[in-house]
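One letter stands for each residue in the lines below.
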Amino acid sequence: MLELYLDSADVEQIARFHSCLPIKGITTNPSILAQANIGVNQLLKEVNSILGNEARFHIQVISQSVDEIILEADKITALPYDIVVKIPATEIGLVAIKQLHRKQIPLLATAIYTVQQGFLAALAGADYLAPYVNRIDVLGGNGVTVVEQLQQLVQQQNLSCCLLPASFKNSRQVLEVLQAGVGAITLPVGLMGQMVLHPATPLAVEQFNTDWQQVFGDKLAFET
């Protein structure tokens, strides 16, 4: 089953969408946490109380050197939650991913912009790959195509990793990467809200209610 994540630190919105959708967990990055002015420990505690103990959290390292990344990853995974450590897919990041993979720490290679970058991260031992769909488009590439080609390559090589595309601007991008067969996806709450409800839906519901009341008044369906 698809793993559906919210790319957010907005606790209220996370609770909102958890009430109607099978949210697997959340993804975060330093920018998201800084903008929300909330630290990792506080966020995980609050979101875990909403999503439950089966929730999965993707937490990104801040450290810049290999040794520091490894130490920070150890500290992050020592927290009492189901945590995947996010590491940027740089050369230093790949070194850390390769070493942490040997320790069986769950890993996500993030900030992926090309197929080859994602493929090498998978070879290094990343469990999740996060291509930045819309950011690739902004740079003149095709984010959906990168996802499609990376998904195909991972399957052809029988690599045990899961694509978790991020960075979306519209629902068309979301639909196209889902059609590529990815195993996970993370969406900002604004876009999730747009996907949940079409503007025409409330109008249709209003017409249903008007037609019903003209014939049956305030009775409910089982009362007629």
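In case you missed it, the structure is sitting above this.
Fair warning: this is a prediction, and the values are worked out from it, not measured in the lab.

Some details on the overall build of the protein chain
Turning to step 1, where the next piece is worked out: Each helix and strand counted, the protein chain has 11 helices and eight strands in total.
Turning to step 2, where the next piece is worked out: Considered along the principal axes of its C-alpha atoms, the protein chain spans approximately 70 × 35 × 30 Å.
Turning to step 3, where the next piece is worked out: Looking at the protein chain as a whole, 43% of its 224 residues qualify as buried.
Turning to step 4, where the next piece is worked out: For the protein chain, contacts bridging at least 24 residues in sequence account for 55% of all contacts bridging at least 6.
Turning to step 5, where the next piece is worked out: Accessible surface for the protein chain amounts to roughly 12100 Å². Of this, 53% is attributable to carbon and sulfur atoms.

A word on helix 6 (residues 115-124)
Turning to step 1, where the next piece is worked out: Of all the positions in helix 6, only Val-115, Gly-118, Phe-119, Ala-121, Ala-122 and Ala-124 are classed as buried.
Turning to step 2, where the next piece is worked out: Tucked inside the fold, the buried residues of helix 6 contact helix 5 (91-102), strand 5 (107-112), strand 6 (128-131) and helix 8 (143-156).
Turning to step 3, where the next piece is worked out: Gly-125, located one to two residues past helix 6, shows a positive phi value of around 125°.

A look at helix 4 (residues 66-77)
Each α-helix turn comprises 3.6 residues. Residues three or four places apart therefore point the same way.
Turning to step 1, where the next piece is worked out: For helix 4, which comprises 12 residues, the first-to-last C-alpha distance of 16 Å matches the rise-based estimate of 16 Å (1.5 Å per residue) to within 8%.
Turning to step 2, where the next piece is worked out: Where helix 4 is buried, its residues meet strand 3 (56-60), strand 4 (82-88) and helix 5.

Points about the state of the cysteines
Turning to step 1, where the next piece is worked out: The full count for this structure, using the stated rule, is zero disulfides.
Turning to step 2, where the next piece is worked out: Left unpaired, Cys-161 is separated from the closest cysteine sulfur, that of Cys-162, by 7.8 Å.
Turning to step 3, where the next piece is worked out: Judged by relative accessible area, which is 14%, Cys-161 ranks as buried.

What about the nonpolar core?
Turning to step 1, where the next piece is worked out: Counting residues in hydrophobic clusters, the biggest one holds 60 residues, and the most contacted among them are Ile-87 and Leu-129.
Turning to step 2, where the next piece is worked out: Those residues in contact with Ile-87 that lie beyond four places of it in its chain are Val-61, Ile-69, Gly-93, Ala-96, Ile-97, Leu-100, Leu-107, Leu-108, Ala-109 and Thr-110.
Turning to step 3, where the next piece is worked out: Residues Tyr-5, Val-84, Tyr-128 and Cys-162 belong to the second largest nonpolar core, which totals eight residues.

Description of a nonpolar patch on the surface
Turning to step 1, where the next piece is worked out: A cluster of nonpolar residues, Met-1, Leu-2 and Leu-178, forms a patch on the protein surface that exposes about 330 Å² of accessible area.
Turning to step 2, where the next piece is worked out: Exposure remark for Leu-178: the relative accessible area of 33% places this residue in the partly exposed category.

Brief notes about the sheet that holds strand 5
Turning to step 1, where the next piece is worked out: The strand order across the open sheet built from eight strands is 7-6-5-4-3-2-1-8, with neighbouring strands paired in parallel fashion. Looking at which strands have only one partner, the edges of the open sheet turn out to be strand 7 (162-163) and strand 8 (184-187).
Turning to step 2, where the next piece is worked out: Running over the sheet, helix 3 (residues 40-51) touches strand 2 (23-27), strand 3 and strand 4 and is turned about 165° from strand 3.

Remarks on the pairing of strand 6
Turning to step 1, where the next piece is worked out: Burial along strand 6 is two-sided: Tyr-128 and Ala-130 facing one way and Leu-129 and Pro-131 facing the other are all buried.
Turning to step 2, where the next piece is worked out: Relative to strand 6, strand 5 runs parallel, the two sharing three bridges. Paired with Leu-108 across the bridge in strand 6 is Tyr-128.
Turning to step 3, where the next piece is worked out: Regarding topology, helix 6 serves as the crossover connection from strand 5 to the parallel strand 6, and that connection is right-handed.

A word on unusual backbone geometry
Turning to step 1, where the next piece is worked out: Positive phi outside glycine occurs at Asn-37, with the angle close to 55°.
Turning to step 2, where the next piece is worked out: Using a relative accessible area of 71% as the deciding quantity, one classes Asn-37 as exposed.
Turning to step 3, where the next piece is worked out: Here Ala-111, not a glycine, exhibits a phi torsion of approximately 60°, which is positive.
Turning to step 4, where the next piece is worked out: Tracing the backbone through its elements, the reader meets Ala-111 in strand 5.
Turning to step 5, where the next piece is worked out: Residue class for Ala-111 comes out partly exposed when judged on its relative accessible area of 23%.

Concerning the packing of helix 1 (residues 11-18) against helix 3
Turning to step 1, where the next piece is worked out: Taken N-terminus to C-terminus, the directions of helix 1 and helix 3 make an angle of 20°; their axes are 10 Å apart at the nearest point. The angle between helix 1 and helix 3 falls in the class roughly parallel. The handedness of the crossing between helix 1 and helix 3 is right-handed. Residue-level contacts link Val-11, Ile-14, Ala-15 and His-18 of helix 1 to Leu-43, Glu-46, Val-47, Ile-50 and Leu-51 of helix 3.
Turning to step 2, where the next piece is worked out: For the contact of helix 1 with helix 3, the residue count by class is seven nonpolar, one polar and one charged.

Analysis parameters
Counting restarts for each chain, with residues numbered from 1 along the sequence as it is written. Given that this is a predicted model, residues contribute local features only at a pLDDT of at least 70 and side-chain atom pairs are listed and counted only at 80 or more, while totals for whole chains, interfaces and linings are drawn from all residues. Only hydrogens and water are set aside when side-chain values are computed; all heavy atoms of the structure are taken into account. Each helix is a run of H or I in the DSSP string that is no shorter than four residues. Each strand is a run of E no shorter than two, and both are numbered from the N terminus. Note on exposure labels: buried denotes an accessible area under 20% of the residue type's maximum, exposed denotes more than 50%, and partly exposed covers the range between, all computed with a 1.4 Å probe on protein chains only. Two residues qualify as a contact provided that any one of their heavy atoms is within 4.5 Å of a heavy atom in the partner residue. For the area figures, the Shrake-Rupley method with a 1.4 Å probe applies, and any residue is considered shielded solely by the protein chains shown. By definition here, a helix of n residues has an expected span of 1.5 Å times n minus one. Any pair of cysteine sulfurs within 2.5 Å is marked as a disulfide. We define the nonpolar core as a collection of buried residues of types Ala, Val, Leu, Ile, Met, Phe, Trp, Tyr and Cys that are connected through side-chain atoms lying within 4.5 Å of one another. To count toward a patch, a residue needs a relative accessible area over 30% and no salt bridge; like charges are then connected within 9 Å, while nonpolar side chains (Val, Leu, Ile, Met, Phe, Trp, Tyr) are connected within 5 Å. Salt bridge, as used here: a side-chain nitrogen of Lys or Arg that lies within 4 Å of a carboxyl oxygen of Asp or Glu. For two strands to be treated as a pair, DSSP must find no fewer than two bridges joining them. Helix axes are fitted to C-alpha atoms over the stretch in contact, other axes to C-alpha atoms as well, and angles between N-to-C directions run from 0 to 180 degrees. Handedness is read with the strands pointing away from the viewer; a crossover is right-handed when the path from the first strand over the helix to the second is clockwise. Throughout this description, any angle smaller than 35 degrees is read as roughly parallel, any larger than 145 degrees as roughly antiparallel, any in the 65 to 115 degree range as roughly perpendicular, and the remainder as oblique. Take the far helix as your reference; a near helix turned counterclockwise from it by less than a right angle gives a left-handed crossing, and one turned clockwise gives a right-handed crossing. Three residue categories are used. Nonpolar comprises Ala, Val, Leu, Ile, Met, Phe, Trp, Tyr, Cys and Pro, charged comprises Asp, Glu, Lys and Arg, and polar comprises the others, including Gly.

Don't take any of this as a statement about function, it's just geometry.
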